[in-house]
Amino acid sequence: MATPKKQLHLTAFMRPVSLHTGAWRYPGAVPNANFSLPHLKSFIQKLEAAKFDAFFMADHLAVLNMPIEALQRSHTVTSFEPFTLLSALSAVTEKIGLAATASTTYDEPYHVARRFASLDHLSSGRAAWNIVTTGNPESAKNFGLDEHVEHSERYKRAREFYEVVTGLWDSFADDAFASRSQESGIYFDPSKLHVLNHKGESLKVRGPLNIARPVQGWPVIVQAGQSEPGKQLAAETAEVVFCSPRDIQGAKELYEDIKGRAEKYGRNRDSLRILPAALVIVGDTVQDAKEKRLKLDSLVHYDSAIASLSVALGSDASGFDPDGPLPDDIADTNASKTGRAGVIKLAKDEGLTVKQLAQRYGGYAGLAFVGTPQSIADEMEEWLSQGAADGFTVTFPFVPQGIDDVTQRLVPELQRRGLFRTEYEGSTLREHLGLSRPNNRFFT
């Protein structure tokens, strides 16, 4: 009997709709799609019809730290709070997963645990928590601080935060409410309630959580960092890893690094899914797809481009010589270490001037599959077979056409090759991803 072909997992990344700065200006694009519930409902229903694993909503706790001249051109300046949006979208979908970002630096474990448990119940088991430590230094000023929390401290708090949140989700045994009786007046079994009473280095939380254990046991745990602390946190806690390698070799190294670390912690390497982010642009020919990208990039104004480079570096790039190389003496900051290192590597690898680098970051500088449905499917299949990915976090160049191109042209080609499901086999996100339901740590 032939061994079944390994299949891809696909999630849709919405931040708030596309990562590309020029997306809202592309001909035929809906300019206000990120702030229009009717459009977002339509998008997620198309993704569900195509059998995507999940719809992932990123989040910002501050407007991006760029000059107003650039900010005025950015569609990221306004977007919905993820839980409010995903709760609304849960009512118009049945199967697709709902992933939201929540910060471990500028939020509290009880709030996060309660919101995700609520979303998991409302959606009948489709919630996922993307753990972030928050990279934008401007966020600190919205939460009573003058300076951003140090990188290492953010990750130390994140690890403890994860333990508290998952402990709160285990407050009730799965059958704590099974004995509910109108005759006796007993609503739940008190012997199946656990008080966490956590007292740690950064957090003090009594518990218990005032909501029944989530449908999935725990919502799926997602992590997106690629720094050393980020990879370590992913290896210890994550079930899905969003990442941004630039090529297949770098992806294979990252894939083996994170899964190898997970094994050292006694985890099965198949207990986590690694899904690199990829911009997908589909054309009738490869040249047609490339021309779409050129058009898209041309819509990025230089003010936005240099500001985006400053954000990626965590340092003001407006004073750099546009026609010269990236300076070697860029001041260190508390911003994302992974993003900064990627900028410097790209500039050196491709010999880009500051202007060229800015234009790349002003649009989208990450992994991109640009071609026909057949050529993109070839590339995705290679990444899967070479141990570089378990699937992809798809970001769209513009909407709605970018979503239609993927769902109506690329997905059928993947399905024809046996690389992607034609129907959902389960109803929860864990079932879509092939992840087991975690045991309750306090009750057997």
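Definitions and cut-offs
Note that residues are indexed from 1 along each chain, following the sequence as it is written. The predicted nature of this model means local features are confined to residues of pLDDT at least 70 and side-chain atom pairs, given and counted, to a pLDDT of 80 or more, with totals for whole chains, interfaces and linings taken over all residues. Just so you know, side-chain values use all the structure's heavy atoms and leave hydrogens and water out. Secondary structure elements are taken from DSSP: a helix is a run of H or I of four residues or more, a strand is a run of E of two residues or more, and numbering for both begins at the N terminus. Within these notes, the globule rule equals 2.2 Å times the number of residues to the 0.38 power, and the radius of gyration is based on C-alpha atoms. Remark: exposure states derive from per-residue accessible area (1.4 Å probe, protein chains only) relative to the maximum for the residue type, with buried under 20%, exposed over 50%, and partly exposed in between. Salt bridges are defined by distance alone: a side-chain nitrogen of Lys or Arg within 4 Å of a carboxyl oxygen of Asp or Glu. For two strands to count as paired, DSSP must find a minimum of two bridges between them. If you view a crossover with the strands going away from you and the path from the first strand over the helix to the second runs clockwise, you call it right-handed. Multiply 1.5 Å by the residue count of a helix minus one, and that product is the helix's expected span. What the arc covers is the set of directions going from the helix axis to the C-beta atoms. Each aromatic pair joins two rings of Phe, Tyr and Trp (for Trp, the six-membered one) with centres within 6.5 Å, and gets the label stacked for planes under 30 degrees apart, edge-to-face for over 60, and tilted for any other angle. Criterion for a charge above a ring: Lys NZ or Arg CZ within 6 Å of the ring centre, and within 35 degrees of the ring normal. Contact definition: two residues touch when any of their heavy atoms are within 4.5 Å. For this analysis, a polar contact is any N or O atom pair within 3.5 Å, provided that within protein one partner can donate a hydrogen and the other can accept it, and provided that sequence-adjacent residues contribute only side-chain to side-chain pairs.

(A) Up close: the overall build of the protein chain. Check the secondary structure of the protein chain and you find 14 helices and 11 strands. Over its C-alpha atoms the protein chain spans a radius of gyration of 22 Å, differing by no more than 12% from the 22 Å that the globule rule assigns to 444 residues. On the principal axes, the C-alpha backbone points of the protein chain span a range of 75 × 55 × 45 Å. For the protein chain, buried positions account for 54% of its 444 residues.

(B) Fine view of the pattern of salt bridges. Within the structure shown, the criterion is met by 33 salt bridges. A salt bridge links E138 to K141, with the nearest nitrogen and oxygen atoms 3.5 Å apart. By relative accessible area, which is 29% here, E138 ends up partly exposed. Close ionic contact of R213 with D174 constitutes a salt bridge, the shortest N to O distance being 3.2 Å. Of this pair, R213 sits in the loop between β6 (204–205) and β7 (220–223) while D174 sits in the loop between α5 (151–169) and β5 (198–199); the two residues are 39 residues apart in sequence, bridging distant segments of the chain. Residue classification places D174 among the partly exposed residues on the basis of a relative accessible area of 46%.

(C) Here's a closer look at the pairing of strand β3 (residues 97–103). For β3, the buried fraction is high: seven of the seven residues fall into the buried class. Burial of β3 is two-sided: the residues G97, A99, T101 and S103 facing one way and the residues L98, A100 and A102 facing the other way are all buried. Here strand β2 (residues 54–57) pairs with β3 via four bridges, running parallel. Opposite M57, over in β3, you have A100 as the bridge partner. For β3 and strand β4 (residues 127–132), the ladder comprises six bridges, and the chain directions are parallel. The partner of A100 across the bridge, within β4, is W129. Handedness of the crossover is the feature at issue here: the chain leaves β3, passes through helix α4 (residues 109–122), returns alongside β4, and the resulting connection is right-handed.

(D) Region of the structure containing helix α10 (residues 337–350). Helix length check: α10 (14 residues) gives 20 Å between terminal C-alpha atoms against 20 Å at 1.5 Å per residue, within 8%. All buried positions along α10 are accounted for by R340, G342, V343, L346 and A347. Each buried residue of α10 lies within a common arc of 160° when the element is viewed along its axis, so the set occupies one face. Facing away from the buried side of α10 by over 90 degrees, the exposed positions are K348 and D349.

(E) View of the packing of aromatic side chains. Per the counting criterion, the structure on display carries 18 aromatic pairs. Ring centres 6.4 Å apart and planes at 70° place the aromatic pair F52 and F420 in the edge-to-face group. Residue F52 is located in the loop between α1 (37–49) and β2, and its partner F420 is located in the loop between α13 (401–416) and α14 (429–433); the two are separated by 368 residues in the primary sequence. The pair F52 / F420 is uniform in exposure class, with both members buried. When the centroid spacing of 5.8 Å and the interplanar angle of 85° are considered together, the rings of F172 and F188 count as edge-to-face. Of this pair, F172 sits in the loop between α5 and β5 while F188 sits in the loop between α5 and β5, placing them 16 residues apart in sequence. Within the aromatic cluster, the residues linked to one another by ring pairs are F83, F116, W129, F161 and W169. We note R115 situated over the ring of F83; from NZ or CZ to the ring centre the distance is 4.9 Å. Just above the ring of Y187 sits the side chain of R180; from NZ or CZ to the centre is 4.9 Å.

(F) Main features of α1. The terminal C-alpha atoms of α1, which comprises 13 residues, lie 18 Å apart, in line with the 18 Å expected from a rise of 1.5 Å per residue. Check the buried side of α1 and you find it contacts β1 (9–14), β2, α3 (82–90), β3 and α13. Within two residues after α1, K51 carries a phi angle of roughly 70°, on the positive side.

(G) Layout of the side chain of T93. Position of T93 relative to the elements: it lies in the loop between α3 and β3. Among the polar contacts made by the side chain of T93, one reaches the side chain of R126 at a distance of 2.9 Å. When neighbours within four sequence positions are excluded, T93 is seen to be in contact with I44, E48 and R126.

(H) Region of the structure containing the environment of L313. Counting through the fold element by element, L313 comes out in helix α9 (residues 302–313). Residue L313 is classed as buried on the basis of its relative accessible area, which comes to 0%. For the pair L313 and A341, spaced 28 residues apart in the sequence, the C-alpha separation amounts to 8.2 Å. Excluding anything up to four places from it in sequence, L313 contacts F320, L326, I330, T333, R340 and V343.

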